[in-house]
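Listed here are the chains, written in short residue letters.
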Amino acid sequence: MSDDNLPVKKMSIIVSRGSLDGIYPALIMANGARMEGIEASLFFTFFGLNALAKNTMDHLKVATVGNPALNMAMPMLGMPMTLPFPTVMGALPGVSAFATHLMNKEMEKLDIPPVREFLELISDSGGKIYACKLAMDMFKLKKEDLWERLDGVLTVGDFYQESAGAGTHILFT
Amino acid sequence: MKKTIAGTEVDVNEEGYLTDMSQWNGQIAAAIAVEEGIGTLTDAHMKVVNHLRDQQAKGAALTIRSMGKSGVVTTKELYDLFPGGPLKKSSKIAGIPKPVGCI
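1. Some points on the overall build of chain B
Piece 1. Within chain B, the secondary structure is distributed over five helices and two strands.
Piece 2. When the helices and strands of chain B are read in sequence order from the N terminus, they spell out β-β-α-α-α-α-α.
Piece 3. A principal-axis box enclosing the C-alpha atoms of chain B has dimensions of 35 × 25 × 20 Å.
Piece 4. Put simply, chain B has 103 residues, and 32% of those count as buried.

As structure tokens, then:
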């Protein structure tokens, strides 16, 4: 095999957003990598730590403010996808909670687990879950505030070391 | 296309998955397991394989999550039994189609 078609050996995925829709793509990509026999590491930084904090990880919300693509969720209400969702409506009380409820229901139908269970699944599969030290300092989070099965708290330097090796791909989400 | 596995001619797709699960037998499973680098199939492997065949016969969608919750095997055990592709390799050995989902 020549160098230019070296298979993907490892995915190092940086998760910087903390909304439900910000977190899930990274979890799905990491789990999917493990299912293909590819190593996977998730590095949660900035608002991504919302998915690792014990107090918030079970209550992530869909971003309804500043999300002009919410029309995509209209079919979940039996309405056409082309129907615009006025972005100002996203700020009304309960709208984010309702959108989150709808999204969770659809994901459950597709056998996509809730965040905590998804992290357990990835961890059980041999994937690694890391938190960013700087972001923890910034948000005043201690290790004991985070999910128990965390594999470690890393600096940026640690992260690059962790991602070393030919065939590793780093993905920022 | 046709392929002879363990002395039996079976129908397979281009990735080597059996296209007719009724053509499957234990020797075929053993031969595919060797080809996939899994080695000798143990009782633990066969429990998974038989469960997959039951689920497929029922028309259930197979996901890594549903396997972990099946009571047949834990997620960790499944990855240990079929390294390099838990659901893909076990499905191939079980003579059922490659799972199509992302989960």
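2. Quick word on helix H2 (residues 43-58) of chain B
Residue and element names in this part refer to chain B.
Piece 1. An ideal rise of 1.5 Å per residue puts 22 Å on 16 residues; H2 measures up with 22 Å between its terminal C-alpha atoms.
Piece 2. Along H2, the residues that are buried comprise His45, Val48, Val49 and Leu52. Taken end-on, H2 shows its buried residues confined to a sector of 100°, consistent with a single buried face. In this structure, H2 carries Asp43, Ala57 and Lys58 as exposed residues pointing more than 90 degrees from its buried face.
Piece 3. Of the surrounding elements, those touching the buried residues of H2 are helix H1 (26-35), helix H4 (75-81) and helix H5 (86-93).
Piece 4. One or two residues past the end of H2 sits Gly59, with phi positive at roughly 80°.

3. Description of the domain arrangement of chain A
Piece 1. Taken domain by domain, chain A consists of domain 1 (8-58 + 114-172) and domain 2 (69-112).
Piece 2. Summarising the inter-unit geometry, the C-alpha centres of domain 1 of chain A and domain 2 of chain A are found 26 Å apart.

4. Some points on the nonpolar core
In summary, soluble globular proteins display a tendency toward joint burial of nonpolar side chains.
All names here are of chain A.
Piece 1. Formed by 63 residues in total, the largest nonpolar core has its most connected members in Val15, Ile23, Ala30, Leu42, Phe43 and Phe44.
Piece 2. Looking at which domains feed residues into this core, each of domain 1 (8-58 + 114-172) and domain 2 (69-112) supplies at least three.
Piece 3. If near-sequence neighbours (up to four positions away) are discounted, Val15 is found in contact with Ile23, Ala26, Leu42, Phe43, Phe44, Thr45, Gly48, Ala51 and Thr173.

Quick notes on the rules
Residues numbered from 1 in each chain as written. Chains lettered and ligands numbered in written order. Predicted model: local features only at pLDDT ≥ 70, side-chain atom pairs only at ≥ 80, totals over all residues. Helix = DSSP H or I, 4+ residues; strand = E, 2+ residues; numbered from the N terminus. Buried ≥ 20, exposed ≤ 12 C-beta atoms within 10 Å, placed from the backbone. Expected span 1.5 Å × (residues − 1). Arc of directions from axis to C-beta. Contact = placed C-beta atoms within 7 Å. Domains from an automatic or database assignment. Core = buried A, V, L, I, M, F, W, Y, C linked by C-beta atoms within 7 Å.

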